[in-house]
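Each chain, letter by letter, is given below.
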Amino acid sequence: MVALVLIIGLGWFSVNKPVTSPVVNVEKVKVSVSLTPLSTPFFVAQQQGFYAKQGLNVEVVPCRGGVHCAELLQEGAVEYATTSGTVALFNSYYHDNIALLASFVKSSNDLKLLTLAPNQITSIHDLENKRIGIIKASASEYYFDFLLISNALQDLQVERVYLKPDDMVNALLSDQVDAISIWEPYGYRASQLTSLPIINLGTEGIFQLTFNLVTTSPVDALNARDKAMLLAIEEAITWIEEHPVESIALISEQLNIKPEQVEWSWNDYIFSLTNDYILLSNLQMQARWASERNILQGEPVDVRAMVRSEAFSDFKREASLQ
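Residues numbered from 1 in each chain as written. Predicted model: local features only at pLDDT ≥ 70, side-chain atom pairs only at ≥ 80, totals over all residues. Heavy atoms only, no water.

Peer 1: How would you summarise the confidence of the model for the protein chain if you had to cite specific residues and measurements?
Peer 2: Residues with a pLDDT of 70 or more make up 91% of the protein chain, whose mean pLDDT is 89. Element-level pLDDT for the protein chain is lowest in helix H1 (residues 2-16), with a mean of 43, against a maximum mean of 98 in strand E6 (residues 131-134). Between residues 1-24, whose pLDDT stays under 50, and residues either more than four places distant or in other chains, the model counts 0 contacts. (pLDDT = per-residue confidence, 0-100. Helix = DSSP H or I, 4+ residues; strand = E, 2+ residues; numbered from the N terminus. Contact = heavy atoms within 4.5 Å.)

Here's what the structure looks like:
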């Protein structure tokens, strides 16, 4: 009888004892994310819990453009940053710790060279001695020079007015500059702030902008945190493909802009996690441009030391086996 009581008692205790959750090591990480629809995967990953699924507690740190995002990375304020390939290139020149893990979106129509109809500028040839608003050492500057070269106008005399992204539209509308080289959604913003016709002097498809995830890493292989970040972003991209309407609504709320503003250029975006020869070739062209224009002194930057192509390929193989 005593033994039976003990067995029953032990059984009751095992059923009713408090259940303790297993201890999960969640790594805290910060990523500086540019406030543009291009960055949609990072906001989706946060809202849909894809970071947590990979064991990450991610804080998204908003920033105005890839230049600012990269600055936060070099200051040690974040562990990752989103930047254009041009910004990553310049950072690789001034710092030897930049690692481009992957590109997560590309667009052949995000950058534009805009002017107002009253300026009576109808082609790039009309920019002689004009003031051009440019974001220094960014895709904005590379795109402008690339347009000049493509039109055999590399010797065209212009005044470069270096501005911050948020100052570009106002500078154009207030006649501080005659044209601006800028990315979306600033083109849409300009169209909403003036009744004057806006002319795009650029050429769609002439340059493919990529936005990339970069970090500071001295080693070639991706660590566990890098892989977790990439897996979360890849899952977010899949979600975007399956839920375009919801994705537009989400990023519109995050950027505090109307959905129509996102829809303005949404079809120009190709969200895909890649790190291939096309990306490397694009960066090599930009490296030669920076060297030939003496924007960066000396020989062109060896972008192969920055792009983790082999490490990314290993990551994709491992992911496919899971």
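Peer 1: Please give an account of the packing of aromatic side chains that cites residues and values.
Peer 2: For the coordinates displayed, the defined rule picks out 14 aromatic pairs. Taking the centre distance of 6.2 Å and the plane angle of 85 degrees together, the rings of Phe 104 and Phe 211 count as edge-to-face. Linking Phe 104 in strand E4 (residues 98-107) with Phe 211 in strand E10 (residues 209-216), this pair joins segments that are 107 residues apart in sequence. A single burial state applies to Phe 104 and to Phe 211, both of which are buried. A ring pair is formed by Tyr 188 and Trp 264, whose centres lie 5.1 Å apart and whose planes are at 70 degrees; its orientation type is edge-to-face. Taken as a pair, Tyr 188 in helix H8 (residues 186-193) and Trp 264 in helix H11 (residues 259-266) lie far apart in primary sequence, 76 residues in all. A relative accessible area of 9% places Tyr 188 in the buried class. Take Trp 264: its relative accessible area is 45%, and that puts it in the partly exposed class. The rings of Phe 90, Tyr 142, Tyr 143, Phe 146, Phe 207 and Trp 289 are connected pair by pair, giving a single aromatic cluster. The lysine or arginine in question, Lys 136, covers the ring of Tyr 162, its NZ or CZ lying 4.4 Å from the ring centre. (Phe/Tyr/Trp six-rings, centres within 6.5 Å; stacked < 30°, edge-to-face > 60°. Buried < 20%, exposed > 50% of the residue type's maximum accessible area, 1.4 Å probe, protein only. Lys NZ or Arg CZ within 6 Å of the ring centre and 35° of its normal.)

Peer 1: Describe the domain arrangement of the protein chain, listing the residues and the values that go with them.
Peer 2: Here the protein chain is partitioned into domain 1 (28-107 + 208-320) and domain 2 (111-200). The C-alpha-based centres of domain 1 and domain 2 are spaced at 25 Å. In this complex, domain 1 contributes 20 residues to the contact, which on the side of domain 2 involves 17 residues. Of the roughly 1700 Å² buried between domain 1 and domain 2, counting both surfaces, carbon and sulfur atoms make up 66%. (Domains from an automatic or database assignment. Buried area = accessible area lost by both parts, 1.4 Å probe.)

Peer 1: Explain the pattern of salt bridges to me, using residue names and the numbers behind them.
Peer 2: Taken as a whole, this structure holds 15 salt bridges when the rule is applied. Between Asp 145 and Arg 160 there is a salt bridge; the shortest N-O distance is 2.5 Å. Here Asp 145, found in helix H6 (residues 139-150), pairs with Arg 160, found in strand E7 (residues 159-162); they are 15 residues apart in sequence, far enough to count as distant. (Salt bridge = Lys/Arg side-chain N within 4 Å of Asp/Glu carboxyl O.)

Peer 1: Give me the lowdown on the nonpolar core, citing residues and values where you can.
Peer 2: Among the nonpolar cores identified, the biggest contains 101 residues, and Phe 42, Tyr 51, Leu 113, Leu 127, Leu 230 and Leu 273 are the most heavily contacted of them. Counting residues per element, this core draws most heavily on helix H9 (residues 224-242), which supplies 10 residues. Formed jointly, this core draws a minimum of three residues from each of two domains, domain 1 (28-107 + 208-320) and domain 2 (111-200). Beyond its immediate sequence surroundings of up to four residues, Leu 273 is in contact with Ala 102, Ser 103, Phe 104, Leu 230, Ile 233, Glu 234, Ile 237, Phe 312, Phe 315 and Lys 316. (Core = buried A, V, L, I, M, F, W, Y, C linked by side-chain atoms within 4.5 Å.)

Peer 1: Can you explain the sheet that holds strand E2 (residues 56-63)? Please cite residues and give values.
Peer 2: Read from one edge to the other, the open sheet built from 6 strands follows the order E2-E1-E3-E10-E4-E11, with strand pairing classed as mixed. In this open sheet, the two edge strands, each paired with only one partner strand, are E2 and strand E11 (269-274). Ignoring strand direction, the axes of neighbouring strands in this sheet form an average angle of 25 degrees. Here 2 bridges tie strand E1 (residues 27-34) to strand E3 (residues 80-84), and the two strands are oriented parallel to one another. Residue pairing in the sheet places Ser 32 in a bridge with Ala 81 of E3. Running over the sheet, helix H5 (residues 85-94) touches E3, E4 and E10 and is turned about 115 degrees from E3. (Pairing = 2+ DSSP bridges. Axes fitted to C-alpha atoms, helices over the stretch in contact; angles between N-to-C directions.)

Peer 1: Provide a residue-level description of H9, including the pertinent values.
Peer 2: Side chains three or four residues apart in an α-helix point the same way, a direct result of the helix having 3.6 residues per turn. A rise of 1.5 Å per residue sets the reference length of H9, with its 19 residues, at 27 Å; its end C-alpha atoms lie 27 Å apart and thus fit the reference within 8%. Among the residues making up H9, those that are buried are Asp 226, Ala 228, Met 229, Leu 230, Leu 231, Ala 232, Ile 233, Ala 236, Ile 237, Trp 239 and Ile 240. Backbone nitrogen of Arg 225 and a side-chain oxygen of the N-cap are separated by 3.1 Å at the start of H9; the cap is Asn 223. (Expected span 1.5 Å × (residues − 1). Polar contact = N/O pair within 3.5 Å; in protein donor to acceptor, adjacent residues only side chain to side chain.)

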